[in-house]
Amino acid sequence: MPVRPGTGSAYVKVERRVGDWPVAAARAVLRVENGVIAQAGIGLTAVGAEHFCAPEAETYLEGRRPSGEAFAAAGRIAAEHCEPHADQRGPADYKRHLAAELTRRALAAAAERI
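Calculation rules
- Residues numbered from 1 in each chain as written.
- Predicted model: local features only at pLDDT ≥ 70, side-chain atom pairs only at ≥ 80, totals over all residues.
- Heavy atoms only, no water.
- Helix = DSSP H or I, 4+ residues; strand = E, 2+ residues; numbered from the N terminus.
- Rg over C-alpha atoms; globule rule 2.2 N^0.38 Å.
- Buried < 20%, exposed > 50% of the residue type's maximum accessible area, 1.4 Å probe, protein only.
- Areas by Shrake-Rupley, 256 points an atom, 1.4 Å probe, with all protein chains shown as cover.
- Lys, Arg positive; Asp, Glu negative; His and termini not counted.
- Charge placed at Lys NZ, Arg CZ, Asp CG, Glu CD.
- Contact = heavy atoms within 4.5 Å.
- Core = buried A, V, L, I, M, F, W, Y, C linked by side-chain atoms within 4.5 Å.
- Disulfide = S-S within 2.5 Å.
- Salt bridge = Lys/Arg side-chain N within 4 Å of Asp/Glu carboxyl O.

Visitor: Explain the overall build of the chain to me, please; I cannot follow it from the model alone.
Guide: Along the backbone of the chain there are three helices and three strands. From first element to last, N terminus to C terminus, the chain shows the α and β order β-β-β-α-α-α. Against the globule reference of 13 Å for 114 residues, the chain gives a C-alpha radius of gyration of 14 Å, in line with a compact fold. By the burial criterion, 43% of the 114 residues in the chain qualify as buried. As presented, the chain carries roughly 6,400 Å² of accessible surface, and 51% of it is formed by carbon and sulfur atoms. For the chain, the distance from the average position of its 15 positive side-chain charges to the average position of its 14 negative side-chain charges is 5 Å.

Laid out in structure tokens, this is it:
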């Protein structure tokens with residue numbers, strides 16, 4: 001998504017040590033026009049998201065006003081479509097929880113940067 005007026009982005013992650021591979025990570029880009037989300041982009045890492053994105057959550061957001069409720073719902077939608085695998089960084093249910101929470105946080109931070 002091109003960066004232009006009305007656009008904000010953010011990247012958040014959970015890592016065990018600084019510089020370590022993330023346990024989970026999310027990035028978000030929002031473009032807001034006339035008070036509503038015109039375009040949303042969500043990327044997820046290390047949580048089993050197909051093609052590293054959350055198209056269902058992006059579609060949910062478009063046309064809605066940016067809000068904590070909308071971002072939390074988008075996080076839940078993103079997590080529902082992930083298929084994380086348990087490994088040394090944590091169990092699958094923890095990673096699914098991180099997918100939801102990090103998506104919410106990334107969206108909120110992106111909205112603050114507009």
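Visitor: What exactly am I supposed to notice about the environment of alanine 24 here?
Guide: Within the fold, alanine 24 resides in strand β2 (residues 22–33). On a C-alpha basis, the gap between alanine 24 and arginine 76 in space is 15 Å, while along the polypeptide they are 52 residues apart. If sequence neighbours within four positions are ignored, alanine 24 has contacts with Lys13, Val14, Thr45, Ala46, Val47, Leu98 and Leu102.

Visitor: Looking at this structure, how should I read the nonpolar core?
Guide: Within the largest apolar cluster, 32 residues are counted, with the highest numbers of intra-cluster contacts made by Leu44, Leu61 and Leu107. At the level of secondary structure, the elements contributing two or more residues to this core comprise β1 (7–15), β2, β3 (36–45), α1 (55–61), α2 (68–80) and α3 (92–112). It is α3 that provides the largest number of residues to this core, a total of eight residues. Those residues in contact with leucine 61 that sit more than four places away from it in its chain are Ile37, Ala40, Ile42, Ala70, Phe71, Ala74 and Leu107.

Visitor: Where do I start with the state of the cysteines in this structure?
Guide: All chains considered together, the criterion is met by zero disulfides. For the unlinked cysteine cysteine 53, the closest cysteine sulfur is that of cysteine 82, found at 10.0 Å.

Visitor: Explain the pattern of salt bridges to me, please; I cannot follow it from the model alone.
Guide: Should the charged atoms of two oppositely charged side chains come close, the side chains can pair. Overall, the coordinates contain five salt bridges when judged by the stated rule. Lysine 13 is the partner of glutamate 15 in a salt bridge, and the nearest nitrogen-oxygen pair spans 3.2 Å. Its relative accessible area of 27% is what places glutamate 15 among the partly exposed residues. Here lysine 95 ties to aspartate 87 by a salt bridge, and the two come within 2.8 Å at their closest N and O atoms. Connected via shared salt-bridge partners are Glu101, Arg104 and Arg105.

Visitor: Explanation requested: the side chain of glutamate 58 in the structure shown.
Guide: Tracing the backbone through its elements, the reader meets glutamate 58 in helix α1. Despite its burial, glutamate 58 remains without a salt bridge, the nearest opposite charge being carried by arginine 27 at 5.4 Å. If we skip the residues at most four places from it in the chain, glutamate 58 touches Ala40, Gly41, Ile42 and Cys53.

Structural measurements only, silent on function.
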